Amino acid sequence: MVSLCAVSQIVMAQAPKWVEKAKKAVFSVITYGEDDKLLNTGNGFFVSENGVALSDYSLFKGAKKAVIVNSEGKQMPVESIMGADDMYDVVKFKVAISGKKVPALVLVGEASSPVVGAPVYLLPYSTRKDRSVISGKVEAVDKVSGNYKYYTLGLQLKDKMVSCPVVNEEGMVMGIAQKSSGRDTATICYAVDVALAMDQHVTALSYADQTLRSIGIKKALPDTEEQALVFLFMASSQLSPERYAVVLDDFIEQYPESSDGYYRRAINRLALAKTKDDMKLVEEDMKRLKDVSEKEDEGYYNCARLIYDYTINHSDIGYEDWSFDKALENIQKALEINPLPVYMQFEGDIYYAQKDYAKALACYEEVNKSELASPATFLNAARTKEVMQAPVEEVVSLMDSCMARFTKPYTLEAAPYLLERARILMVAGKSRQALLDYDDYYKVANGEVNDVFYYWREQAALESKQYQRALDDIAKAIELNPEEVMYKSEQAMVNLRVGRNEEALNILNGVIAGKPDYAEAYRLQGLTYLQMKKKEDACRSFAKAKELGDTLVDDLIEKYCK
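First things first, this report covers the structure right here in the doc. A quick note: this is a predicted structure, and the numbers were derived from the prediction, not measured.

1. Re the pairing of strand β7 (residues 90-95)
Line of reasoning, step 1. A large share of β7 lies buried, amounting to 6 of its 6 residues.
Line of reasoning, step 2. What you see with β7 is no split at all: V90, K92 and K94 on one side and V91, F93 and V95 on the other are buried throughout.
Line of reasoning, step 3. Pairing of strand β4 (residues 52-55) with β7, which is carried by 4 bridges, proceeds in the antiparallel orientation. Residue pairing in the sheet places V52 in a bridge with K94 of β7.
Line of reasoning, step 4. Note: strand β6 (residues 75-85) against β7, 6 bridges, orientation antiparallel. Each bridged residue has a counterpart across the sheet, and for I81 the counterpart in β7 is F93.
Line of reasoning, step 5. Here β6 folds back onto β7, and the loop between the two strands holds 4 residues, one of which, D89, carries a positive phi near 55°.

2. Details of the side chain of D250
Line of reasoning, step 1. Summarising the element assignment, D250 is placed in helix α6 (residues 241-254).
Line of reasoning, step 2. Apart from residues lying up to four places away in sequence, D250 is in contact with K218 and L221.

3. Some details on the sheet that holds β6
The strands that make up a sheet pair up through hydrogen bonds in the backbone, lying either parallel or antiparallel.
Line of reasoning, step 1. On the basis of which strands lie adjacent, the closed barrel formed by 6 strands has the order β2-β3-β4-β7-β6-β5 and antiparallel pairing. Strand-to-strand twist across the sheet, computed as the mean angle between neighbouring axes with direction ignored, equals 40°.

4. Notes on the environment of G62
Line of reasoning, step 1. Summarising the element assignment, G62 is placed in the loop between α2 (57-60) and β5 (65-69).
Line of reasoning, step 2. Distance from G62 to K276, taken between C-alpha atoms, is 39 Å for residues 214 residues apart in sequence.
Line of reasoning, step 3. In contact with G62, not counting residues within four places along its chain, are G33, L39, S214 and I215.

Scoring rules and cut-offs
- Residues numbered from 1 in each chain as written.
- Predicted model: local features only at pLDDT ≥ 70, side-chain atom pairs only at ≥ 80, totals over all residues.
- Heavy atoms only, no water.
- Buried < 20%, exposed > 50% of the residue type's maximum accessible area, 1.4 Å probe, protein only.
- Helix = DSSP H or I, 4+ residues; strand = E, 2+ residues; numbered from the N terminus.
- Pairing = 2+ DSSP bridges.
- Contact = heavy atoms within 4.5 Å.
- Axes fitted to C-alpha atoms, helices over the stretch in contact; angles between N-to-C directions.

Shown next, in the form of structure tokens:
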């Protein structure tokens, strides 16, 4: 292997005895981009015997993978990125070392940091056993980024020596050699404090860090379980399930007693499952989840959720006895141990999925008496009563209880509940109250609504006999979605209701011209002709509607065309 730092080495007659051993911690770095194309080569060095190492960020930017070549010429892959700073061009990473210890440099302490005038040495990468080093002195020490040091050094640095370690008289690493700048590059170079590089970490929000995102190599997990769990959450929305699976495996390796890890991995494995063998891996995580859960009831609850998810989305795999009954069995065990409202809520969800609406409603009503009661729980009860065909007044009452949990002026959180109550109020024939909810929704959404909303609000306005509002809203719906012929038919019908027969007829003629097989338009055209006292034309339109399959026109034909 050709040395990357061999140029202009100075062989010292009195080189310190520790040099030969210390140089074994220095290695060559090779990074690769897309399609395994060579990206960059450079240097780095180990700072711990378990494979933690430092180098320059520029070397890794855009890299999809990297390997290091140690002083013995052996290649080892870079396992993960542990932190990076693009401003000071440093990166911390972990090398996969197969369980063996590697030679590592000792970090300098504050008391041992060299001062101006102190001798320093640069350790180049080499596969030869010698004491070749570059020697020099500290010319200046500046403070950067808080309390870190930035050294100006009186020694020559060639390009291929960038990111080699700079050490003090005792061989403790104090800096990372950086590219020279300014006029005097022959005798002056710079080094950034090794402490700055060591303090780079992956945090819970690192998936949004552009510096780290620019490196395509896997990122290490944060140092605490709490931070790592947030990191998992962020990663789940930004990685494919296949790449996310690798992160989950790392999490479980780092936190083997975390029930959250097994639950999240089981969810991801379930999403990827295609065969019964895949499902066995999910079940293994479920069993481990129960084993490590601090609270037995939580283990049963999470298993119930997984089985429920399987039954809803993956039952075509046909795995053993996984079913709603199996999910119910687990949630009921959780309830026996600890009758929490959240468990009862989920029991209701399972009954609802089984179409056992009476039992589902009983669960939801109990939840609504607890501290877990919320707009969502009242909405669940309302929807269940609606499916059970309970009197609509009871459904409206539950939706009123739902909305009572909000305070005016409403925020965006209330938006979906306003729409649902408006729909139910329309079913109950309370169009004016529905219109108020639609208006409140419009305010909450700051007017950013679609054509469907305008159509719904038009229906409420029409039923409330607020015809101009109905006309305005249906016109807005057409403006937003001019291809939807149903809106144009609705517009014609509203015009017909207010006696604007010619306008209605013009609209319908336009609809028929654009879509001659649209049966409803002919029926409405016939009604318009009736209003205009053109019975023969009306009957021709009704006949055409019937020919196209409109069953609503039969009574009209019987009444006016026999």
